[in-house]
Amino acid sequence: TGCAAYLEPLSEDDREALQNAPVLARIHRSANTQLGAKTMRSMEMARVIEGLLKQARICAALSEPPRDPELQLPEASADEKETPECQWLVHNAGGVDHAGLRLSALGVAMFNQTIELDPIAEATNVTTKVGDLGQARGAAMLALSIARAASAGAAALCAEFTGNADNAGIALSFAVAPQGDA
């Protein structure tokens, strides 16, 4: 059953309309971790976030998984579609009490992964723009990521910080606009 249970209350016409609706963006599995109770410094947190960012990019097919040198895989052809660049960040880094450490670590991790994105100017801080959404926070952040990816025709990174402490946990995922005939 799983996801099909959500569709059961819909009428046949509503299910058909939903099936025929355009795809706004693909959402991908998040990479997440609990950072623990220990207070982390910015560069230490950046290394952890960079590892998560690598995983999230692979899950979203924005980068290739590391190749096994013993496997002989064909190189990508020149006419294959380019992967879309990340053009927006949706996060809940919070206000001044938490955002500095979180955004500096996230910015360094993105820079090291060649994501040229300003984590302040090219981002939506859900906490400061919308407020505390409680249990709806994750769904709202996902919806904003999808909307940004669809409007830009590119990828949007969603960085959800969990817990109240600077280093409680983080989940990173991408919403990617369909390319070509999706």
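Residues numbered from 1 in each chain as written. Predicted model: local features only at pLDDT ≥ 70, side-chain atom pairs only at ≥ 80, totals over all residues. Heavy atoms only, no water.

Peer 1: For this particular structure, what's the right way to read the overall build of the protein chain?
Peer 2: For the protein chain, the helix and strand inventory stands at six helices and six strands. Its helices and strands taken in sequence order, the protein chain reads α-α-β-β-α-β-α-β-α-α-β-β from the N to the C terminus. Looking at the 182 residues of the protein chain, the share that counts as buried comes to 36%. Counted over contacts in the protein chain with a minimum sequence separation of 6, partners at least 24 positions apart contribute 71%. On the protein chain, roughly 11,300 Å² of surface is accessible, and the fraction owed to carbon and sulfur atoms is 53%. (Helix = DSSP H or I, 4+ residues; strand = E, 2+ residues; numbered from the N terminus. Buried < 20%, exposed > 50% of the residue type's maximum accessible area, 1.4 Å probe, protein only. Contact = heavy atoms within 4.5 Å. Areas by Shrake-Rupley, 256 points an atom, 1.4 Å probe, with all protein chains shown as cover.)

Peer 1: What should I look at first to understand helix 4 (residues 99–112) in this one?
Peer 2: The α-helix advances 3.6 residues per turn, and as a result positions three or four apart in sequence lie on the same side. Here helix 4 contains 14 residues, and its C-alpha end-to-end distance of 20 Å stays within 8% of the 20 Å for a straight helix at 1.5 Å per residue. For helix 4, the full list of buried residues reads Ala99, Leu101, Arg102, Leu103, Ala105, Leu106, Gly107, Ala109 and Met110. Structurally, helix 4 contributes buried residues whose contacts are with helix 3 (42–59), strand 3 (86–91), strand 5 (155–162) and strand 6 (169–176). (Expected span 1.5 Å × (residues − 1).)

Peer 1: I tried to follow a nonpolar patch on the surface on my own but got confused; where do I start?
Peer 2: A surface patch of nonpolar side chains, about 350 Å² in accessible area, is lined by Tyr6, Leu7 and Leu18. Take leucine 7: it is sitting in helix 1 (residues 4–7). Taking relative accessible area as the criterion, leucine 7 reaches 36% and is therefore assigned partly exposed. (Patch = residues over 30% accessible without salt bridge, like charges linked within 9 Å, V, L, I, M, F, W, Y side chains within 5 Å. Salt bridge = Lys/Arg side-chain N within 4 Å of Asp/Glu carboxyl O.)

Peer 1: Looking at this model, I keep getting lost on the pattern of salt bridges. Mind explaining?
Peer 2: Think of it this way: side chains of opposite charge can pair up when their charged atoms draw near. On inspection of all chains with the given rule, the structure shows two salt bridges. With a shortest N-O distance of 3.0 Å, arginine 15 and glutamate 12 are connected by a salt bridge. A residue pair is termed a helical-turn pair when its members lie 3 or 4 positions apart in one helix, as arginine 15 and glutamate 12 do in helix 2 (residues 12–20) at three residues. Since its relative accessible area comes to 30%, arginine 15 is described here as partly exposed. Under the relative-accessibility criterion, glutamate 12 is labelled exposed at 52%. We note a salt bridge from glutamate 160 to arginine 137, for which the minimum N-O separation is 2.9 Å. With glutamate 160 in strand 5 and arginine 137 in helix 6 (residues 137–152), the pair connects residues that are 23 residues apart, well separated along the chain. Residue arginine 137 is classed as partly exposed on the basis of its relative accessible area, which comes to 24%.

Peer 1: Would you take a moment to explain the side chain of threonine 124 for this structure?
Peer 2: Following the sequence through the fold, threonine 124 ends up in strand 4 (residues 123–125). Excluding residues that lie within four positions of it along the chain, threonine 124 makes contacts with Trp88, Leu89, Val90, His91, Lys129, Leu144 and Arg148.

Peer 1: Help me understand unusual backbone geometry in this model?
Peer 2: Excluding glycine, a negative phi dihedral is what most residues carry, and trans is how most peptide bonds are arranged. Notably, alanine 61 is not glycine yet its phi reads approximately 60 degrees, a positive angle. Secondary-structure assignment places alanine 61 in the loop between helix 3 and strand 3. Residues other than glycine seldom take positive phi values, yet threonine 114 does so here, at roughly 55 degrees. On the basis of relative accessibility, which here comes to 56%, the residue threonine 114 falls in the exposed class.

Peer 1: Is there a simple way to explain the packing of aromatic side chains in this structure?
Peer 2: Two aromatic rings, taken as a pair, are described by how far apart their centres are and by the angle between their planes. Summed over the entire model, instances satisfying the criterion amount to zero aromatic pairs. The ring centre of tryptophan 88 lies 3.7 Å from the NZ or CZ of arginine 148, which sits over that ring. (Phe/Tyr/Trp six-rings, centres within 6.5 Å; stacked < 30°, edge-to-face > 60°. Lys NZ or Arg CZ within 6 Å of the ring centre and 35° of its normal.)

Peer 1: Please clarify how the pairing of strand 5 should be interpreted in this entry.
Peer 2: Counting buried positions along strand 5 yields seven of eight residues, so the element is predominantly enclosed. Bridge count between strand 3 and strand 5: five bridges; the pairing is parallel. Each residue of the ladder has a partner; that of tryptophan 88, found in strand 5, is alanine 156. (Pairing = 2+ DSSP bridges.)

Peer 1: Whenever I open this one, helix 3 confuses me. Can you help?
Peer 2: With 18 residues, helix 3 ought to run about 26 Å at 1.5 Å a step, and its terminal C-alpha atoms sit 25 Å apart, in line with that. Taken residue by residue, helix 3 has Met45, Ala46, Ile49, Glu50, Leu52, Leu53, Ala56 and Arg57 as its buried positions. Each element contacted by the buried residues of helix 3 is listed here: strand 2 (31–34), helix 4, strand 5 and strand 6.

Any functional reading would require information beyond the geometric quantities listed.
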